[in-house]
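# Structural overview
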Amino acid sequence: MKNVSILGCFIFSFVFSVQAESPQVPEVVFFADMRLELTAAARKKVQTDVDALTRYEKYFNAKVDRIDAYFPLIEQVLREENVPEDIKYLVVQESALVGDAVSSSNAIGYWQFKVAAAAEVGLTINSAVDERMNIITATRGAARYFKNNNALFDNWLHALMAYYEGPGGALKKADKRFNGKKVMRLDGKAHWYVLKYLSHKIAFESAVGKNPNPPVQLFVYQNGGGKTLRDIAQEFRVTEDDLRPYNTWLKQRKIPQDKPYPAIVPDFSGQSREPAIAANQTQNTSPEAKSNRSATTAVLSKEEFNSDAFPLMKTRRWFGKKQLLVNGIPAVIAKEEEDVKLLSQRTGVAPSKIIKFNNLGHPQAAIVSGQPYYLRQKHNRAPAHYHVAEEGETWWNVSQRFGIKLNKLLRNNRLRKEEPLQAYQVLWLRYIRPTTIAAEFRYPGRLPTNQLPKSTATVSADTRLATTEAVNNSSRANRPAQPSDADIASEQAWRNSSEQNNARLTLESRTEDATAYHTVRSQETLYSIARQYGVSVAELAGHNQMSVYDSIQEGQKLLLPGSGSALATAKGYHEVEAGETMYQIAQRYNISIRELMEWNQKESFNLKTGEQLRIAAPQL
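Now for a quick tour of the structure.

### Looking at the packing of helix α1 (residues 40-54) against helix α7 (residues 192-205)
Where α1 meets α7, the closest approach of the two axes is 8 Å, and the angle between their N-to-C directions is 50°. The angle between α1 and α7 places the two elements in the oblique class. Here the hand of the crossing between α1 and α7 comes out right-handed. Listed contacts from α7 to Lys45, Val46, Asp49, Val50, Leu53 and Thr54 of α1 are Leu195, Lys196, Leu198, Ser199, His200, Ile202, Ala203 and Phe204. Partitioning the contact of α1 with α7 into residue classes produces eight nonpolar, three polar and three charged.

Shown next, in the form of structure tokens:
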């Protein structure tokens, strides 16, 4: 297919100095329907490439994220064409999944087809489209090319070699004795292209598909004939810029109508879903999402305002170690008295990167014990659609909570520069608020402001970034209208309902020996429960002898910080329980580790079960 390396691959600057643990090349590798036995010389060559592919975490993670987005589409096309799914790793080797990659020999696209080979498998190339850059059509073309070659050799490994050498070249170099065989022995003299493929398979096989909240998922839209990318963007409430990187195959404004051309639509929600990829399947879109121009937050489902579930905190095994993911981004929980320097020492991420990733130069930013801090860039789009600003929240708080870049958050809400965040303002987290939709406030118990009767509706002056006039008058503030009698009645009804809810919570929190519990409800997280009771995540986790990384289940009972300690505080001592740490005990009684150690004349963090610790300053 091509005889030189791709010029379109990216060159990355690597900031991680610690080498990740590389997968070890086994003696036996299973490929397609074949068993490949590797000699020591072959394993050594493959291992060298595996080490190179996994050496730098930033580069490797970027590839894994891209693979996680594309592989579900590729896998289904290969299944439809009855081609082994193992072939999918070759696209990583060929183009690093860069759709418009071009080699010096003019091989183009995801699977690096030249014009003649593309025509052979039915790909269209003209002034309107280049299907070599379409992940669906190009993968289907590659699958057909493999099937044709396998029909010649009856050996998928020889068909793999033919992808590089061409059928004629592979016939000269392939050992005919292995045609039709299911077991092959590869030594150090095996074709370099085959060994290079095996290195990609081994390097990425154990890493892909592990992220429960992928940064982006890709879906196929089949009804694009006669439409522009802007038309499709409006249907799916994404921007045209979101669509372009995945649809470089389109060379003109409108998608031609001579045959179906699948368009790719990205989803940045971070929520894993089954992809819609079947050949004749269309993307189902709710009536509310049909038009970005006419959509308003008032018609959106309650789930899109489910802020209590954020930040989404999960863990994964990464090269044998537990890694925390916050909103799908690698992160770390700050410990007591940690600053940027100590976080850097613990994580191996440069202080300047931690400051940049978390906007710690912001005047309202701070390192707080028990709170998560990101070790990679935040998303351009948040996992949630909308959020109603809470009392005391800042733009920085929201940016951290939902894992969205601060400048993107401001852009989505049509702000050129940061202004004080008003409580109950509806914030747009995934998309830019259309100019046709005014800034909205959702006060507790009231209808959305754009659904109130005309006599009480908010007249918003927020048209910032919409027109030149709005920019010139951006100093005008959004002032809610004075509430009517109906609003006051609605507010009182909400307060009464809130009091009833609090009473129900109190009843559900049972008291036994001065100990209060919270029963976990559906979709609640440690973070949302901690916010509900005004404590930190670390405090709540420590009080329950858990890690902040641990997941919780519906119906689980959590001991609330501050409860169960009243009796111990009155006595002035705490009896150490099995598994408790100095940090957990200090958090439980809202004292510092230093005070706990000084009051108990401790020289180390070692504790014994049953030991009595003084939890209040000794009386002088």
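### What to know about the pairing of strand β5 (residues 263-267)
Side-chain direction in a regular strand flips from residue to residue, so the side chains alternate between the two faces of the sheet. With five of five residues buried, β5 lies mostly within the body of the structure. The alternating pattern of β5 places Ala263, Val265 and Asp267 on one face and Ile264 and Pro266 on the opposite face, and all of these are buried. Where strand β4 (residues 217-221) and β5 come together, five bridges link them in antiparallel fashion. Among the inter-strand pairings, valine 220 is bridged to a residue of β5, identified as isoleucine 264.

### Let's talk about unusual backbone geometry
Phi at glutamine 112 takes a positive value of approximately 55°, unusual for a residue other than glycine. In this fold, glutamine 112 is placed in the loop between α3 (88-95) and α4 (115-120). Phi is positive for aspartate 154, which is not a glycine, with a value near 50°. Among the secondary structure elements, aspartate 154 is positioned in the loop between α5 (135-153) and α6 (156-173). What makes aspartate 154 partly exposed here is its relative accessible area of 42%.

Cut-offs used in this document
- Residues take numbers from 1 onward in each chain, read along the sequence in its written order.
- Two thresholds apply to this predicted model, a pLDDT of at least 70 for residue-level local features and 80 or more for giving and counting side-chain atom pairs, whereas whole-chain, interface and lining totals are computed over all residues.
- The side-chain values count all of the structure's non-hydrogen atoms but skip hydrogen atoms and water molecules.
- Axes, fitted as lines to C-alpha atoms, cover a helix only where it is in contact. Angles between the N-to-C directions of the axes lie from 0 to 180 degrees.
- A helix here means a DSSP run of H or I that spans at least four residues, while a strand means a run of E at least two residues long, and both kinds are numbered starting from the N terminus.
- Note on terminology: angles under 35 degrees are roughly parallel, angles over 145 are roughly antiparallel, angles of 65 to 115 are roughly perpendicular, and the others are oblique.
- Left-handed describes a crossing whose near helix is turned anticlockwise from the far helix by less than a right angle; the clockwise case is right-handed.
- In this analysis, two residues are considered to be in contact whenever any of their non-hydrogen atoms come within 4.5 Å of each other.
- Residues are grouped as follows: Ala, Val, Leu, Ile, Met, Phe, Trp, Tyr, Cys and Pro are nonpolar; Asp, Glu, Lys and Arg are charged; all remaining types, including Gly, are polar.
- Here the term buried applies to any residue with accessible area under 20% of the maximum for its type, exposed to any over 50%, and partly exposed to those in between, with areas from a 1.4 Å probe on protein chains only.
- At least two bridges found by DSSP between two strands are what make those strands a pair.

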